[in-house]
Amino acid sequence: MTDMAASLDQTQPRKTDWRGEAMQKRIARRYAAEQRFRLMGLGAVIMSSAFLAFLLFVMLGNGLGGFQRTEIRLDFDFPAATGGVSPATLEGPGANAAFASMDVASIFSIAAELQYGSEGDAYFSENAWTEVRSALADNPAMVGEKVQLWLPASSAIDIAAKGDGSKAAEADYAKLVQMDAVKTSFNTGFLTGSDGTDPAQVGIWGALKGSIITMIVTLVLAFPVGVLAAVYLEEYAPRNRWTDLIEVSINNLAAVPSIIFGLLGLAVFLQWMALPRSAALVGGLTLALMTMPVIVIAARNAIKAVPPSIREAALGVGASPVQVVFHHVLPLAIPGIMTGTIIGMARALGETAPLLMIGMRAFTTTPPQGLTDPATVLPVQIFLWSDEVNRGFVEKTSAAIIVLLLFLLTMNALAVYLRNRFETRW
Amino acid sequence: MTITAILFIIIGLGLISWVLGRIRASRFLVADRGTMNSLPSYHGWYTALWAIIPALLFITVWSSVAPSLGTFAVLEDPAAAKLPMDGFQRSAILSEARTLARNPDAQAFNPLARELAPVYAAADQRYAWIGALAAVLLCFAGAAYAFLRIKPDFRARTRVERVVMMTLLLASLIAIVATLGIVASLIFESIRFFSYVSPLEFLFGTQWNPRDTIPAEGSSGFGAIPLFWGTVFIGAIIAMIVAIPFGLMSAVYLTQYASANVRRWMKPILEVLAGVPTVVYGYFAALTVAPALREFAVAIGISSASSESALAAGLVMGIMIIPFVSSMADDSIAAVPNAMRDGSLAMGATKSETIKQVLIPAALPGVVGGVLLAVSRAIGETMIVVMAAGLAANLTANPFESVTTVTTQIVQLLTGDTDFNSPMTLAAFALGLTLFIVTLLLNLVALSIVKRYREAYD
């Protein structure tokens, strides 16, 4: 301020000495500030992407183990244990009764105790004997022989094998390693099984199938309605209060928190229309209401991008307004509509909260068979597993997250591909 | 005769009438040398629509009428004379008989129900057949009517297009129906809730301790202030402290400094953050972030630190919100006219001075609008807070303590059996209504701010 006051006093303005020390300092300070600002921006971008990388790294680190399982070798002497059941009885209509009288579960525990001592039974997963049973059902001739089977280890041993177990389990595991009786293999059960109580036995197929059925319902409902509504609003709707109301509703629906849709589903579909609880049908209906505005908005943008010259040319050769849209505009807008639809569906696939509201958290050990069976979906399964106390569920939860992220990644990649491949620049 | 079978038959008949109508129209086309008003396929569609639509409408009406017709038939039956006169018991037995008729393995507590079940089954069967027969007849009648109307000068296209336009209009009305459904269900259940608890107590009470029965005196346990505070604390304070600087600086860097190549790669990567499902963020917050924060808090001497802290949920939610803030800021910075930026640079300002003193002030309304949208998104977010924020309704400003939010409590109140007569279930709807109104207002304010600012430069 004093500088300025001084310069005002003089009648002749003093020339600024750009090369003077004060000026140089000032410029250096301004450049330093510039550098700092730039680095802050870079830092923000790097931190954000580093967080994403960290999240994926944690999920991969925790979850990859979920795709593997630890198996323990177990020798069976079936002729001695069963007292000579003939293979023929295990086939045909009487097979179930034969298995029941054989009592595979106790044969299994006796074999385990013979081989690994009195605690041997506990080394194996709770339901390991069912694998013995299905192995016998697949190959009845085995019952007349001595065989060696690799059966899933208990959750405690499994965690120990992955290097994170309790003291006792580590000791058991070390013992098994010394006996050369343990190996890890790819856990096909995780991809084909359903929910359960024993983390060594659970799988995601039940939840995945529930997700697939729900998504089909969502797509079948939301896609036609969304596209038709977009066509109406973009091509035919007169400018009046009704149209404004429709537009406001659609924009509003797109911004409503997803949990509100769950409340709607609970009050309207379950309470008022008395549809079955936990069913994929209700989940699909609820998600369709959520996805429809996304599709409408995407479809409107795609239709808007078709140049008016196309419409005018079609009208010029005598097409009716409906023919113009359905023969010319829509086919050209389809890639854009597909992209928007896939992105909307990806969002619906990752959605959890509204489905919790309508009870899609059913504990079912078999995959749903139809639209009205109790079902769960992949994100809800992740949520349910994350609540489990058993430590074995940590890696299963992360593994399920990996599967979910892979699906979302595939869908988004498909959307990007469609956009790049079919998008026309006018 | 199941509904599905009837639907298939009707669709099949529709296909056949499409083909027949088309063939008939093509004959005319050949005979008249192309002076027909509409193309043959429009005549086909016209016939098919006449075959399908009346039959479908009939089935919709019939399937809502048939059950009560079945009940009438049962009441006529001599066995029904034994029914008690009391209306409640009467309908209980009837509905039990109906369940039995549909599913013979079902449990029956009343011997009379077992007696009435076959009557019910027979009546249901009879009306199903009558309905199916009528629908198919209607289908034939419609197709025949349309078929006979096919003439060279018949305007089939206009009529088909009228149906198409009706369908388009109906599709777009579904959005209004859905909005009305949301508003109606929220308001209806909330009114029932407010008959138990006064709205003032709900909005301004500080005790949140929901129970099935409301004590006659003292606090009702439905004071939602701790929930509102928790929601604001996590969604509007902690999450925004993370999201605003990171989102804004990322947008500034990517639009003003980064080369085109960097921008091409970094923008989609940031957008992936918005595409990760919230349940994944929630799991990450609960599994990794919350324990780490707790250890940190204990290490710096805050012994009250909870393993479900507001900070963990808020931090992770803030990171989820970064792309929203960033893309809104990106848009509003891009909307600032280049002349303003160039003018500032020409005066000798450095880039950062231009950004700080020209671009951001000019883009501020857009940025504020974007932040409001982000807040509305954050307070409606459910899974992260359900998994990481906890259930204790604390009124605390200590970020290391556990707080609970509106969405967490909605999930909590509605898990398990939902009894629509319990104030606990209804409270979830009252919370939902509050959340709906607040997010709606935030969105409206944000959009009007953005709109007004856009007009200033156009």
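Numbering of residues begins from 1 in every chain and follows the order in which that chain's sequence is written. Throughout, the order in which chains and ligands are written sets their labels, letters from A for the former and numbers from 1 for the latter. In keeping with the predicted nature of the model, local features appear solely for residues at pLDDT of at least 70, side-chain atom pairs appear and are counted solely at 80 or more, and the whole-chain, interface and lining totals rest on all residues.

### Side note on the nonpolar core
Inference 1: Ranked by internal contacts, the top residues of the largest apolar core, which has 186 residues, are Ala285(B), Ala313(B), Val316(B) and Ala388(B).
Inference 2: Per-element tally for this core: the top contributor is helix H7 (residues 225-257) of chain B, with 17 residues.
Inference 3: Note that contacts rest on C-beta atoms placed from the backbone: two residues are in contact if these are within 7 Å. In this view, Ala388(B) contacts Gly282(B), Ala285(B), Ala286(B), Ala290(B), Glu308(B), Ala312(B), Ala313(B) and Val316(B); residues no more than four positions away in its chain are not counted.
Inference 4: Nonpolar cores are built from buried Ala, Val, Leu, Ile, Met, Phe, Trp, Tyr and Cys residues. These are joined into a set through C-beta atoms within 7 Å. Buried, partly exposed and exposed are defined by the number of other C-beta atoms within 10 Å of a residue's own C-beta, namely 20 or more, between the two limits, and 12 or fewer respectively, with C-beta atoms placed from the backbone. Counting 32 residues, the second-largest nonpolar core is a separate cluster that includes Ala111(A), Val143(A), Ile157(A) and Ala161(A). Helix and strand labels come from DSSP, where a helix needs a run of H or I of at least four residues and a strand needs a run of E of at least two; each type is numbered from the N terminus.

### Focus on the sheet that holds strand S2 (residues 146-152) of chain A
Residue and element names in this part refer to chain A.
Inference 1: A pair of strands is labelled paired if DSSP reports no fewer than 2 bridges between them. Spatial ordering of the open sheet is given by S2-S1-S3, a layout of three strands whose pairing is antiparallel. Each edge of the open sheet is held by one strand with a lone partner, namely S2 and strand S3 (182-186). Sheet twist, expressed as the mean angle between neighbouring strand axes with direction ignored, is 40°.
Inference 2: Bridging between strand S1 (residues 68-77) and S3 involves five bridges; their strand directions are antiparallel. If you follow Thr70 over to S3, its bridge partner there is Thr184. Only the stretch in contact is used when fitting a helix axis, every axis being a line fitted to C-alpha atoms; angles between N-to-C directions are given from 0 to 180 degrees.

### What about the interface of chain A and chain B?
Inference 1: On the chain B side, the residues contacting the 62 residues of chain A number 66 residues.
Inference 2: Looking at the side of chain A that touches chain B, the element that brings in the most residues is helix H2 (residues 21-63) of chain A, giving 18 residues.
Inference 3: Residues of the side of chain A that touches chain B, tallied by class, amount to 46 nonpolar, 13 polar and three charged. Following the grouping adopted for this structure description, the nonpolar residues are Ala, Val, Leu, Ile, Met, Phe, Trp, Tyr, Cys and Pro, the charged ones are Asp, Glu, Lys and Arg, and the polar ones are all others, Gly among them.

### Here we look at the confidence of the model for chain B
Residue and element names in this part refer to chain B.
Inference 1: Mean pLDDT over chain B: 86, with 94% of residues reaching 70 or higher.
Inference 2: Looking at any residue, its pLDDT shows the predictor's confidence there, from 0 to 100. In the model of chain B, helix H3 (residues 87-102) stands out as the element of lowest mean pLDDT, 73, in contrast to H7, which has the highest, 93.
Inference 3: Here the predicted complex scores 0.86 on pTM and 0.86 on ipTM.

### Considering the packing of helix H12 (residues 241-255) of chain A against helix H14 (residues 280-304) of chain A
Residue and element names in this part refer to chain A.
Inference 1: Running from N to C, H12 and H14 point in directions that differ by 120°, and their axes come no closer than 8 Å. As summarised for this structure, H12 and H14 are arranged oblique, according to the angle between their axes. The crossing of H12 and H14 is left-handed. Residues Ile250, Leu253 and Ala254 of H12 lie in contact with H14, whose contacting residues are Pro293, Val294, Val296 and Ile297.
Inference 2: Grouping the amino acids of the contact of H12 with H14 by side-chain chemistry returns seven nonpolar, no polar and no charged. Comment on the angle field: the value is read as roughly parallel under 35 degrees, roughly antiparallel over 145, roughly perpendicular from 65 to 115, and oblique elsewhere. Left-handed is the label given to a crossing in which the near helix is rotated counterclockwise from the far helix by less than a right angle, and right-handed is the label when the rotation is clockwise.

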